[in-house]
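As a plain string of letters, each chain reads:
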Amino acid sequence: MTQILGHNYIGGRRSAAGSVKLQSIDATTGEALPHDFIQATQEEVDAAAKAAASAYPSYRSLSAERRAQFLDAIADELDALGDDFVAVVCRETALPAGRIQGERGRTSGQMRLFAKVLRRGDFYGARIDLPLPDRQPLPRPDLRLYRIGLGPVAVFGASNFPLAFSTAGGDTASALAAGCPVVFKAHSGHMATAELVADAVIRAAEKTAMPAGVFNMIYGGGVGEWLVKHPAIQAVGFTGSLKGGRALCDIAAARAQPIPVFAEVSSIHPGIVLPQDLAVRLESGSRERTRPGCPGPRPSPYTSRREPSNHTPLHRSDNR
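Residues numbered from 1 in each chain as written. Predicted model: local features only at pLDDT ≥ 70, side-chain atom pairs only at ≥ 80, totals over all residues. Heavy atoms only, no water.

Asker: Account for the overall build of the protein chain, naming residues and giving values.
Answerer: Per the secondary structure count, the protein chain includes 9 helices and 14 strands. Long-range contacts, defined as pairs at least 24 residues apart, comprise 77% of the intrachain contacts of the protein chain with a sequence gap of at least 6. As displayed, the protein chain offers around 15700 Å² of accessible surface, 55% of which is attributable to carbon and sulfur atoms. (Helix = DSSP H or I, 4+ residues; strand = E, 2+ residues; numbered from the N terminus. Contact = heavy atoms within 4.5 Å. Areas by Shrake-Rupley, 256 points an atom, 1.4 Å probe, with all protein chains shown as cover.)

As structure tokens, then:
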């Protein structure tokens, strides 16, 4: 397992320009883990967004097969993370090893699923309208339409799924499949886990010769606002609280160029705990966490197409 540095990932390099140090916590004992993580400065957030923007033209221009190879390589790197990695995740989350191993398989499976979608090719939604030179009152030109990536995407990790909805989770997989570079904001609850997964993504990017800046990651509280406000960011993926999701939606909508926020936020579900079960759990001091089941990987929201219209849509398209 690689050494945990606690530095931000910007354009294929590590950066620690800030002075604010953060620490991850052992979720079982409450003790600080022996790693410092350097909170990103506003300049580093700017650099990460610009690195993603710089990578966007070349990355989205890659063939679907090249991007599929990248996703497969990420999946292989995730599967290769060993028991020492699982132990780190368990310390940060207090989740059992079996749960983490299963979630690791789900996370790599999501990557491979999107790789299959890329190889299938129908996600382009290609449409060709042949020319009608003799049409009256005016001839119709040759029209070609297909989906392309929106641009750099800011992704926020969830607290309760440290792998499947985090650094290399569904939003990241979806964005990368669509041709969108990612700036990931690491969750404060499992920063060491995020770093080890980010290392796996970077190794995969290097092995498949992806452009620098295709994946970036920043640490820190409050840095997400700078990220969503950045003009280079074209969409946001978020899993978390209603309050946090609402705040990001408001920030995104208030921009000079509003951008979409694809958010899975908390809702109200009734929970029933029977007295006997409650007594057992209190006696055992169980720290088990539960969450309603989530659906599998969703189709990428980070691509779209549009018909000619008089309004400005939130999605980008390529008309040729």
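Past the structure itself, the notes keep going.
Asker: How would you summarise helix H2 (residues 64–80) if you had to cite specific residues and measurements?
Answerer: When the terminal C-alpha atoms of H2 are compared, their 24 Å separation across 17 residues agrees well with the 24 Å that a helix rising 1.5 Å per residue should span. For H2, the set of buried residues is Ala64, Arg67, Ala68, Phe70, Leu71, Asp72, Ala73, Ile74, Ala75, Glu77 and Leu78. Considering only its buried residues, H2 is in contact with helix H1 (42–60), helix H4 (97–120), helix H5 (170–178) and helix H6 (191–207). (Expected span 1.5 Å × (residues − 1). Buried < 20%, exposed > 50% of the residue type's maximum accessible area, 1.4 Å probe, protein only.)

Asker: Any chance you could break down the packing of aromatic side chains for me, citing the residues and the numbers?
Answerer: If you walk through the whole model with that rule in mind, you get 6 aromatic pairs. Ring centres of phenylalanine 37 and tyrosine 219 lie 5.1 Å apart, and the angle between their planes is 55 degrees; on these two criteria the pair is classed as tilted. You can see phenylalanine 37 sitting in strand S4 (residues 32–38) and its partner tyrosine 219 sitting in the loop between strand S10 (215–218) and helix H7 (223–229), a full 182 residues away along the chain. Considered together, phenylalanine 37 and tyrosine 219 belong to a single accessibility category, that of buried residues. Through a chain of ring-to-ring contacts, the aromatic side chains of Phe123, Tyr124 and Tyr146 assemble into a single cluster. Positioned above the aromatic ring of tyrosine 9 is the side chain of arginine 14, whose terminal nitrogen or guanidinium carbon lies 3.8 Å from the ring centre. Across from the ring centre of phenylalanine 161, 4.8 Å away, lies the NZ or CZ of arginine 99, which sits over that ring. (Phe/Tyr/Trp six-rings, centres within 6.5 Å; stacked < 30°, edge-to-face > 60°. Lys NZ or Arg CZ within 6 Å of the ring centre and 35° of its normal.)

Asker: How would you explain the pattern of salt bridges if you had to name every residue and give the values?
Answerer: Taken as a whole and assessed by the stated rule, the structure comprises 16 salt bridges. The salt bridge involving glutamate 103 is made with arginine 99; its shortest N-O contact spans 2.9 Å. Within this pair, glutamate 103 and its partner arginine 99 are both found in helix H4, separated by 4 residues, close to a single helical turn. Residue glutamate 103 is classed as buried on the basis of its relative accessible area, which comes to 3%. A salt bridge links lysine 229 to glutamate 225, with the shortest nitrogen-to-oxygen separation between them at 2.8 Å. Of this pair, lysine 229 and glutamate 225 are both found in helix H7, 4 residues apart, which corresponds to roughly one turn of the helix. Accessibility expressed as a relative area gives 46% for lysine 229, which makes it partly exposed. Several salt bridges share partner residues, and in doing so they unite Arg14, Glu195 and Asp199 into one network. (Salt bridge = Lys/Arg side-chain N within 4 Å of Asp/Glu carboxyl O.)

Asker: So, the nonpolar core: which residues are in play, and what are the values?
Answerer: Phe70, Leu71, Ile74, Phe215 and Met217 are the most contacted members of the largest nonpolar core, which totals 57 residues. Those elements that provide at least two residues to this core are H2, helix H3 (83–93), H4, strand S8 (153–156), H5, strand S9 (182–185), H6 and S10. In contact with phenylalanine 70, not counting residues within four places along its chain, are Tyr59, Leu176, Val201, Ala204, Ala205, Thr208, Met210 and Val214. In this structure, Ala49, Val228, Ala232 and Val261 belong to the second largest nonpolar core, which totals 23 residues. (Core = buried A, V, L, I, M, F, W, Y, C linked by side-chain atoms within 4.5 Å.)

Asker: Break down the side chain of glutamine 234 for me, citing the residues and quoting the values.
Answerer: Along the chain, glutamine 234 falls in the loop between H7 and strand S11 (235–240). Of the residues examined, glutamine 234 reaches a relative accessible area of 12% and is grouped as buried. Within the structure, glutamine 234 has its side chain in polar contact with the backbone oxygen of proline 231 (distance 3.1 Å). A distance of 2.8 Å separates a polar atom in the side chain of glutamine 234 from a polar atom in the side chain of glutamine 257. (Polar contact = N/O pair within 3.5 Å; in protein donor to acceptor, adjacent residues only side chain to side chain.)

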